[in-house]
Each structure stands twice: as C-alpha cells, then as structure tokens.
Amino acid sequence: MTYNFNQIEQKWQKKWEEKKVFHADENSSKKKFYVLEMFPYPSASGLHMGHALNYTIGDVIARFKRMNQFNVLYPMGFDALGLPAENAAIKAGEHPKPFTQKAIKNYTRQMKQIGLSYDWGRTFSTMDSEYYKWNQFFFLKFLEKGLVYRKKSAVNWCPKCKTVLANEQVHNGKCWRHEDTEIEIKHLEQWFIKTTKYAEELLKDIDRLDWPERIKIMQKNWIGKSNGIEIIFEIIPKGMTSKEVSGKKWSIFTTRPDTIFGVTFMVVSAQHPQLFDLVTNSEKRNVEKFLKKLKSVSEKEMGNIKTPLGVPQRGARPQIAECGGKEGVFTGSYAINPMTNEKIPVYAGNFVVADYGSGMVMAVPGHDQRDFEFAKKYGLKIKEVIFGGNVKHEAYTGSGKLINSGAFNGLDNDEAKEHITIALKEKKLGKKVVQFKLRDWLISRQRYWGTPIPVVYCDKCGIVPIPEKDLPIKLPNKVKFGKGNPLTTNETWIKTKCPKCKGNARRETDTMDTFFDSSWYYLRYCDNKNSKLPFDKKKVGYWMPVNQYIGGAEHACMHLIYARFFTKALRDLGFLNFGEPFTRLFNQGMLQGEGGEKMSKSKGNVINPDVVSKNYGMDTARLFLLSLASPEKDRDWSEDGIKGSLKFMNRIITYFENIKFSKLAIPKIESKLNKAIKEITKQIEHFEYNLAIINIRNLFDSISNEKEISRENFGIFLKMLHPFCPHITEELWHNLGNKTFISLENWPVADEKKIDEKIERQEEAVETLAADINNILRIINSKGQQAKKAFIYVIPKEKEIYYSEIEKLSKKTNLDIQIFAVNDKNKYDPKSISGKAKPGKPGIYLE
Ligand code: ANZ
Ligand code: ZN
Ligand code: ZN
C-alpha cells in the first residue's frame, strides 16, 4: 500500500459530510462544549497556511472534546461585509456580492480540505440579508434604549479607507488597516454606540476571564479607569477683575490635587468645541492662526494624556501616543487658582485631548514634564510644591513632602491628596470623580459594503427609525463605485417614505462598522436558521458562553471589547442571561515563511494549502504545523520539516502493511500505551500539542520495535493520533475492521495498573546510556577521532536489562555494542573503566 493521501483524505471528508458526523444538536444528555475560531473575512486569494494553523488548533480541541464525550459545537462562518471586499471588488471590476460569494465558496472548499470538523449546517455569512437584518434589529433596540445616538464631533478619518473610524481602529495615530496612513480629524455628525455605559462592568469582569494575561491588561488600559477629582476654576477675561465678571466657570479633571499650589497656568484643548468662549477679541487672530497651523492634526499629534505619579504609562492609544512639540497660544483669559487665588493665564494647546475629562487641564510645570516643557517654551512660571527634585532642570514627578503649599506644607503628597480634596469639597469647588478612557463606539461608515443603518431623514419628523416589520433594509445592487460613498449614487434607493407621516424622506446612506457584525455572530451559530428572532434564548442559553475562543491578539481592544459590550447590552435587553461571551481565550502564534520572514504576497513566500495538500496531504501538514512549537508561539514554515512529517506518515502506513496482530495484549506495549495516554491527554488539555506529538512519535517507535501488537492496542494508538491526523486514522481504523467512525469513538482512559514502572525505568536507563555514549562520541569526533565499538560495563544485576536492549543501543549510536558485567572474567577492558561503573550508571569505553 502506498500512502495515497489525497484519495484517503477526500474519501473521509465525503463520508463525514454524508453521515453528518459533526452535526451538533442541543438535545443531548452530554455536557456541552463550544469551541470557536474568530471567523475570517473571505479574501479572493483564499486561505493561507497561517489560517490552516489557526483552525487546526481549534479542530484538535473539537475532536478531542468530542471523543471525550462532550456535545461539541464547532461552527464556521464568514465575516463577508467590509472594506477589503469592497476595495478588492472595485479593483477587480466586479460587484462585491458575487465577488465575495466566490471567495466564500473557495474558503469553504479549502476548509473542508483541511479536514476541519465543522458543523457546516450552522454556517452563514454576514452578507446574507437574513443575518444583517438582525444587525438592524439590534440597532433599533439599542436606539430605543438610548444605547445608540447621533452626535457631531471630531472624528478620525482615514483618507485611504475614505471613511471615519472608531477610536479602537486608530493605532498610534494611524489607520489599523493602513499602517502608513495618518488619521485626519473631521467634524462630522455620526452614529455612536454607548459602550461607555458599560465601562465599569467591562473593566470589573475582566478578572473573571480565563484569558491571556496580556490581553486582559491591554483591555484594562484601554478602558482606562482613573480616579481623580474635578476642580472648578473661575475664568476671567483679560482686563477684568473677578468682581466684574463672575459666573464663568470651567472644571478640570486631575488625579493630582496635591499639586494644586503649583498650578501656574491652564491649558484647554485646541479642539475644544467651546474654545472660543475663552478667546478674547484681542487674541482672536492669534488663536485662529494657531488653529490653522494645527489643522487636520492627527490624534497622534494631540499628544499624551498626562499620567500621574506612580501610575504606569497607559497602553498605546491614539490619544496618548507621545507627541513631539507641545504647542499652544494664549487665549486672553485668566483663571483663578481656587487655593491660592492667584490669577493664571489660560492657553489653548495641542497636548490636551478634547473629549477626556473636561478638555482642560490645570498645568503644574514643576511636577509634570509636559507642562514643564510648555512652560519653558512660553516663559511661564514654574513653581515647586513637592520637595525632592530640582525643578529648574526638569519636572519632579516623584513623591515627597509638600512645600509652598500653605497649610498643607509638610504633608506627604499622597496624604495631601485627601486633605486638599476635602478642603476643596468644603468650598464646593471640588468632588471626586471617575474618568474612563474608553470612548463611545463610532459605527457610521461612509462605505457601501456594510449593513444599512435603518433610519430615514424626514423634513417634517427628523430622524425616524424604520419599523421592525420592514426589515431588512437590503443593500441595493445598483450603485456606482469610485466616487465617495457608493450608496449616495442610487437615488431610487435613497428616496423613500417617512414611516411616521408618509411624506417624502431620504434613507441614511451610512452603513455600519463591520465590527458590529462580528459582535454577535457567535450567538447566531446557536440558532442560525431562525427567521423570527436573531436567536432562540433557550438554544443560546444551552450553548453559550463559548468555552474556548481562538484568535489573534490584534483584536484585544477591538472585536473583543465590542463583543463583550454586545453580550452585556443584549443581556440587559432580555435576550441573554449571561454577561460574558468567551470564557477562555487562546491567541495562536503566527506562521512565518521559511527562515522566519513574515509571509506576504510581495515576498512571494505565502504557503498555499492547495499546493501543500497536493504534495504532502493535509494530515501531514497538520502534524507538521502543530509539532513545530506550542500553539501560542510563532513558527516558521520549512519544506524539509514537512518532508520529515511525511516520512513519519509513511512509516505508519508501511508498519500497518506488515502488521502482525497478537491475540493477547503485549505487556510492554500496554505499559507504554497507558503511560502515553496519561501524558498525551494532559498535554492536549494544556495546549501542549507539540509535546503530545513527541509522545505519539515515541510511542510509535516503541510499538514498531515489537514484533506484534493487539488490534485493540493499535486502535488506541490511532485514537491518540486522530485529533492531529484525522483522515489516516479514520482509514486505518476502518482497515482494522471497525464499522464506526474513529471521530466519534471514545478517547482512551489510562489504566495505571498496566504501567509497568520497571519497564519504564529500564527504558529510561537505556535512553540515558545511549545519550551518554553519543556525547562521548561527539567529543571524540570533534578531536578528529573515530569510534566503531562501544564497550559497556554494568553492575552484574543490571546486565540482563542492558543486554536485552543491545540492538536498540546499537541503532541509537551507530556503534557495535558489547556489554560486560564488571565481574566478567573475560571482559575487554584496556583502560580499566569497569571499576567506575555504578548502579544505573554503566562505564563506557569507545574504540
Ligand atoms: C494636574 C497634574 C499634575 C496632572 C501632575 C498630572 C500630573 P489619567 O491618569 O490618565 O486619567 N488630563 C486631564 N484631562 C486631560 C485631557 N483632556 N487631556 C490631556 N491630559 C489631561 O491622567 C489624569 C491627568 O491627565 C490629570 O492630572 C491631568 O493632569 C491630565 F503633576 O492634573 B493632571
Ligand atoms: Zn485606512
Ligand atoms: Zn415624517
């Protein structure tokens, strides 16, 4: 039998499909297990081997859990809407719809080719109007509950994407899709989702999640809770005294009330919508000139939100990326420091964010480095209020006792925070507040290939939601691409009637961010054919939450926050009775090209699964990919490596051709087998697939060293290989005479009684000896000498053990081996090494 992997793989894929082997059903007495990989955006170039790695990791879990008698839900679908599809379709001169349909077909074919055990009966794509209808439904529900609102504000605009982006989609001032493209700021009226309503709960629940620690930290930083105090400052325009104009007040947010005696100026965000309330006539021209210079500054240039003492710098966020020059301009107004009654100037600056806190800061140049630089640049006063540094040279950001702070002098600054807060509270000029960095989620997109937002604009009634019964609002097919938002080019689609007054109205032409689609797709798998509701609450209640979610770490602060928000919001709307979607999360490593280079089309080193399948078979590829490293680590593709795996597969086939079955189980194999069951089971549970594969290979070595094996024991070996190599194991299982699918067999349970520790110890002793011999051999070789023979001296009790393994030793060392007991009369021992032999540690002499 030659290993005709293509024939074997296709044969079993067909059988699995015909017999619905992976069909999942909620009517089961077994315990449920939901395993899910982040669904892909179907690109025209098809899957690459990196996808294959990701999905194989999930497939191993799914198969393993199924064999462990869980009722497994393992579905797959397609994140079909979105910008890349639209752009690619435009480039190919095709409409996104047939273009994406083709890509989905190709993805499905390739996924089946990998042998992934998905329940294809549950698949869907987000471009199906039967799916995005429910996006619209949820939008309306959110609108009713005040979780959706429309607002004009400064928003991030990617000139390449030609659309606005959410905060989460701006990475270090650049578009998340276009790392070379600086974000521009536009003032537009857009739709927002009130994710901030759940900021506190999103933060608190992170601790309950069994997720990689670094993802949890990233989310915490992104949500960014900050306990501080809001202080009210009175503002006086230039030339007036506080008696003449009273009433104009601005509050600021600070985490450092202890530094209030050191406040020597204020800075308001240059993008603050109320900036001109502060600008006096005499300064108007100056300020306008300054703003012109800053025009379309990226959020990156907006600089850092100041970080207080002792608090680690927050994660990389658009608003707080470090900026270069701090620039500003005097507004003409002054503020009154509520503690000192000093009159201090108010500047507009580029390093204060408009929508954090109040958009104005009290500047303490003695103890905040940005304020320090700003003060130096504009010749502003620097006042030292915490002892310990030298504020002539730089801001002192450490802790210490207060100075120049009136009644609070001598207090430790941490203590002073409390005291000063109380003092301000008594004057009714301050109160404790909590600030979050998390912003509401901007979901409007000026693009075609997304879910139409279900509202109309009526001249009489204003914004009117479309009634539920009229959903879905389908995307019109006829649009022109290339000039702005394609939806604005179909007038017949735009023109509609107002649901309220029946008069003329126009449809919203913005579509939803496609992260909306991926925020709840995992719920739809639980009930993908429901036409009355997005899903049945009971079915979702049975399957959810996802027990094991698998996907890339790049989604830490995008998809994974949106999905958590959705779950909580839908719970409060009565659709769910749980608040977290993904119990466990796993971030797979990346597959790189040969030599560790990133795989990319331009480098021409992308590995195509179709080619791999043809040349090596998918079982081989799966085994190879998973044996390279533990699943969370990066790994390199290697043509030699996969050849090695193919060799192993061929060895199994050849072994099976010549297999001799014993009637009874052979104790030595039983011992090996049960020890392996114990270890491999644990290793798969702990995601140590590479170690499990080493164990499987070692087990096979031991098995193939024996002359016979019982049918049952060979079957157990196949079962353990099955999650990694599903097709060949199905084939050999069948050839063993079984009528069942190995996919649905029970995972073997280790019988500890059968593990013969003596055999195991012997084996270990032989392994150690072989390694020792090889080490000496290496030393000899490095000196330019050769050896052909090894003479081994063992204590008499151990002679039997080593003697029985002489063949194996010879094979492992490539030497002719002779074994003597130390007391043998006729032993060959020219260097008198036998005297050095100890129990378990034979003497070695090479010649
Ligand atoms: C005075 C002060 C003195 C500050 C000092 C820090 C150090 P987190 O912890 O990130 O919330 N801040 C407040 N609103 C801001 C805005 N809209 N844009 C930029 N910075 C802003 O940081 C809170 C600190 O960030 C606040 O405390 C404030 O500066 C600044 F030695 O107030 B601090
Ligand atoms: Zn972009
Ligand atoms: Zn109307």
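Numbering of residues begins from 1 in every chain and follows the order in which that chain's sequence is written. Each chain is given a letter, starting from A, and each ligand a number, starting from 1, according to the order in which they appear as written. The model is predicted, so local features are restricted to residues of pLDDT at least 70 and side-chain atom pairs to those at 80 or more, both for listing and for counting; the totals for chains, interfaces and linings are taken over all residues. The side-chain values count all of the structure's non-hydrogen atoms but skip hydrogen atoms and water molecules.

## Comments concerning the environment of Phe515
Using the following cut-off: Only DSSP runs of H or I reaching four residues or more are called helices, and only runs of E reaching two or more are called strands; each is numbered from the N terminus. Exposure classes here rest on a 1.4 Å probe applied to the protein chains alone. A residue is buried below 20% of its type maximum, exposed above 50%, and partly exposed in between. In what follows, a contact means two residues having at least one pair of non-hydrogen atoms within 4.5 Å.
Relative to the helices and strands, Phe515 is located in the loop between β21 (511-512) and α13 (521-524). Assessed through its relative accessible area of 6%, Phe515 is described here as buried. Between the alpha carbons of Phe515 and Met558 there is a distance of 7.9 Å; along the sequence they are 43 residues apart. In this structure Phe515 touches Gln169, Trp176, Trp441, His555, Met558, His559 and Tyr562, once residues within four positions along its chain are discounted.

## Overview of the coordination of the zinc ion (ligand 2)
As a reminder of what qualifies: In this analysis a donor is any N, O or S atom within 2.8 Å of a metal ion (3.2 Å for sodium, potassium and calcium), and since water is not included, sites may seem incomplete. For four-coordinate sites, all angles between 85 and 135 degrees define a tetrahedron; for four- and six-coordinate sites, opposite donors beyond 155 degrees with the remaining angles between 65 and 115 define square planar and octahedral shapes respectively, and all other cases count as irregular.
Distances from the zinc ion (ligand 2) to its protein donors, Cys158 (SG), Cys161 (SG), Cys175 (SG) and His178 (ND1), fall within 2.1 to 2.3 Å. Every donor counted, the four donor atoms about the zinc ion (ligand 2) form angles of 102 to 113 degrees at the centre, which fits tetrahedral coordination. In primary sequence terms, the donor set of the zinc ion (ligand 2) follows C-x2-C-x13-C-x2-H. Remark: His178 occurs in the loop between β6 (174-175) and β7 (184-193) and Cys161 occurs in the loop between β3 (148-158) and β4 (163-165); sequence separation between them is 17 residues. Accessibility classification places Cys161 together with His178 in one group, the buried group.

## Re the coordination of the zinc ion (ligand 3)
The coordination sphere of the zinc ion (ligand 3), as far as protein atoms go, consists of Cys458 (SG), Cys461 (SG), Cys498 (SG) and Cys501 (SG), spread over 2.2 to 2.4 Å. For the zinc ion (ligand 3), the four donor atoms are set out with angles of 102 to 115 degrees between them, so the coordination reads as tetrahedral. Binding-site remark: the zinc ion (ligand 3) is held by donors from one chain whose sequence spacing is C-x2-C-x36-C-x2-C. When its relative accessible area of 7% is taken as the criterion, Cys458 is described as buried.

## With respect to the sheet that holds strand β18 (residues 462-465)
The strands making up a sheet associate through backbone hydrogen bonding, with each pair oriented either parallel or antiparallel. Counted only if it meets this: Each pair of strands is called paired provided DSSP finds at least two bridges between the two strands. Geometry is summarised by axes, namely lines fitted to C-alpha atoms with helices restricted to the contacting stretch, and by angles between N-to-C directions that run from 0 to 180 degrees.
Across the sheet, which stays open at both edges, the four strands sit in the order β18-β17-β20-β19 with antiparallel pairing between neighbours. Each edge of the sheet is formed by a strand with only one pairing partner; in this case those strands are β18 and β19 (495-497). Going across the sheet, the axis of each strand differs from the next one's by a mean of 45 degrees, ignoring polarity. The pairing of strand β17 (residues 455-458) with β18 spans four bridges and is classified as antiparallel. Residue pairing in the sheet places Cys458 in a bridge with Gly462 of β18.

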